[in-house]
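One letter stands for each residue in the lines below.
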Amino acid sequence: MELRQLEYFVTVAEERNFTRAAERVHISQSGVSAQIRQLERELGAELFDRSARTATLTAAGRAALDHARAALAAAAAVGQAVGEVTGLIRGRLVVGMVIGCTLTPLFDALSAFHRAHPGVEISLQEDNSDRLVEAVRLGTADVALVGTAAAPEGLEALTIISERLVVVVPDAHPLASRRRVTLRDVAAHPIVCMPPGTGLRTVFDGACAAQDLRPGIALQASAADAVADLAARGLGVAVLSESMAAGHRDRVVVRTIDDVEDPALLALVWRSGRSPAVRELLTYCEREFGGPGGGRPSPGSVSVTG
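These numbers come from a predicted model, not from an experiment.

Reading guide: rules and limits
- Residues numbered from 1 in each chain as written.
- Predicted model: local features only at pLDDT ≥ 70, side-chain atom pairs only at ≥ 80, totals over all residues.
- Heavy atoms only, no water.
- Helix = DSSP H or I, 4+ residues; strand = E, 2+ residues; numbered from the N terminus.
- Buried < 20%, exposed > 50% of the residue type's maximum accessible area, 1.4 Å probe, protein only.
- Contact = heavy atoms within 4.5 Å.
- Disulfide = S-S within 2.5 Å.
- Arc of directions from axis to C-beta.
- Polar contact = N/O pair within 3.5 Å; in protein donor to acceptor, adjacent residues only side chain to side chain.
- Pairing = 2+ DSSP bridges.
- Axes fitted to C-alpha atoms, helices over the stretch in contact; angles between N-to-C directions.
- Parallel < 35°, antiparallel > 145°, perpendicular 65-115°, else oblique.
- Nonpolar A, V, L, I, M, F, W, Y, C, P; charged D, E, K, R; others polar.
- Salt bridge = Lys/Arg side-chain N within 4 Å of Asp/Glu carboxyl O.
- Phe/Tyr/Trp six-rings, centres within 6.5 Å; stacked < 30°, edge-to-face > 60°.
- Core = buried A, V, L, I, M, F, W, Y, C linked by side-chain atoms within 4.5 Å.

**As for the overall build of the protein**
What the protein contains, in helices and strands, is eleven helices and 14 strands. When burial is assessed residue by residue, the protein has 46% of its 306 residues classed as buried. Sequence separation of 24 or more characterises 75% of the internal contacts of the protein that already satisfy a separation of 6 or more.

In structure tokens form, the structure reads like this:
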């Protein structure tokens, strides 16, 4: 029995799919399948039910999963313990980012970390915020940049940006002439917004629920620029954060939603008991973002879908 066989087994169990598992560990699907078959022969039991499209754990697989995870964690702890004594950091660091993220300070932090610790393989994983938070909880990502309404329960967080929600409309729209715009005003019009699973949408949906409002979501787009473009063409009232709307003020009117005080947050999240690699990366991130507690990136350094 080899550690890589246990790694492949755990990965397939988490992905519930051999193809996605192979992509995650960067080898062919046939290679993953062959290693797990060999593990099953050694254990004398099948670990997965392969009769359906989804790879489902058998009773034997469920019994083995926690022990496999413990064995991998113990092996990683050996390397971490030696690394802490010698000052050498090695291994693999999986960094999650919300889809469409262009955040210069994060890239600068990754670059500085890579120069200081070339023995660490950095892997980037794009997804929406909800799935990235879950990946950090499961341990398939070490640290992730996510849009959120609050620090995710059970995880540690470094807030990068905290912003109010705004409405984006063309000059001729009725809301453009108002000095004060409320959420009820916004909800009276068709809405263009980001999809569920994004931090900004979570804040917006929570604010509407608190006021018992049920706005009509006319259009959804994952990129802030697309949301603003649709609103500029009169297809709906866009809901974005302040920095998302900042680059479009030359052709639209931007108004803060006056009675939505809960901010949309952009934050780095990670599990407690962080590894030396995560701890070191966070040091670089704090430096680039302006220290613990977060700092506001300069204009133009941020482009995030949420």
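Alright, that's what it looks like, and here's the rest.
**Remarks on the state of the cysteines**
Applying the stated criterion across every chain, the model contains zero disulfides. With no disulfide of its own, C208 lies closest to C193 among cysteine sulfurs, the gap being 8.6 Å. The buried category is assigned to C208, whose relative accessible area is 3%.

**Side note on helix α6 (residues 129-138)**
Note on helix geometry: an α-helix contains 3.6 residues per turn, so any two residues three or four positions apart are oriented the same way. Within α6, burial applies to S129, L132, V133, A135 and V136. Projected down its long axis, α6 shows its buried positions confined to an angular sector of 155°, all on one face. The N-cap of α6, judged by a side-chain oxygen 3.2 Å from the amide nitrogen of D130 a few residues on, is N128. Downstream of α6 by one or two residues, G139 has phi in the positive range, about 90°.

**Description of the side chain of T182**
By the element assignment, T182 lies in the loop between β8 (165-169) and α7 (183-187). Aside from chain neighbours lying at most four places away, what touches T182 is I257 and D259.

**Section: the sheet that holds β8**
Read from one edge to the other, the open sheet built from five strands follows the order β10-β9-β11-β8-β12, with strand pairing classed as mixed. Looking along the sheet, the strands with just one partner apiece sit at the ends: β10 (217-220) and β12 (253-256). When the angles between neighbouring strand axes are averaged without regard to direction, this sheet yields 30°. Bridge analysis of β8 against strand β11 (residues 237-241) gives four bridges, and the strand direction is antiparallel.

**Describing the packing of helix α2 (residues 18-25) against helix α3 (residues 29-43)**
Orientation of α2 relative to α3, taken along the N-to-C sense of each, is 100°, at an axis distance of 8 Å. On the basis of their axis angle, the class for α2 and α3 is roughly perpendicular. Only Q29, V32, S33 and I36 of α3 make contact with α2, whose side of the interface consists of F18, T19, A22 and V25. In terms of residue class, the contact of α2 with α3 is built from five nonpolar, three polar and no charged.

**Considering the sheet that holds strand β7 (residues 156-163)**
Strand pairing in a sheet relies on backbone hydrogen bonds, with the paired strands running either antiparallel or parallel. An order of β5-β3-β6-β13-β7 is seen for the five strands of this open sheet, with the pairing classed as mixed. Two strands in the sheet have a free side with no partner beyond their single neighbour: β5 (120-127) and β7. For this sheet the average axis-to-axis angle between neighbouring strands, irrespective of direction, equals 20°. In this sheet, strand β13 (residues 264-270) lies alongside β7 in antiparallel orientation, the contact comprising seven bridges. Each residue of the ladder has a partner; that of A157, found in β13, is V269.

**Observations concerning the pattern of salt bridges**
Applying the stated rule across the entire model yields 15 salt bridges. One salt bridge connects R24 with E15, and the closest N-O pair in it is separated by 3.0 Å. Classification of R24 as partly exposed rests on a relative accessible area of 22%. Linked through salt bridges whose partners overlap, the residues forming this network are E14, E15, R20, R24 and R69.

**Focus: the packing of aromatic side chains**
A full pass over the atoms with the stated rule returns three aromatic pairs. With a centroid separation of 5.7 Å and an interplanar angle of 70°, the aromatic rings of F18 and F48 are classed as edge-to-face. Placement of the pair is F18 in helix α2 and F48 in strand β1 (residues 48-49), with a sequence separation of 30 residues. You'll find F18 and F48 in the same group, each marked buried. When the centroid spacing of 6.3 Å and the interplanar angle of 85° are considered together, the rings of F113 and Y284 count as edge-to-face. Here F113 is found in helix α5 (residues 104-116), whereas its partner Y284 is found in helix α11 (residues 276-289), with 171 residues between them in sequence. Taken as a pair, F113 and Y284 share a single burial class, namely buried. Every member of this aromatic cluster is reached through a ring pair, and the members are F9, F18 and F48.

**Looking at the nonpolar core**
Judged by nonpolar contacts, the single largest core of 38 residues is most densely connected at L165, V168, V239 and L240. Every element with two or more residues in this core is listed here: β8, α7, β9 (191-193), α8 (199-210), α9 (224-232), β11, α10 (242-246) and β12. Look past the residues within four positions of V239 in its chain and what remains in contact with it is L165, V166, V186, I191, V192, C193, L200, F204, V227 and I257. Core analysis: the next-biggest nonpolar cluster, separate from the first, contains 25 residues, M97, L106, L266 and V278 among them.

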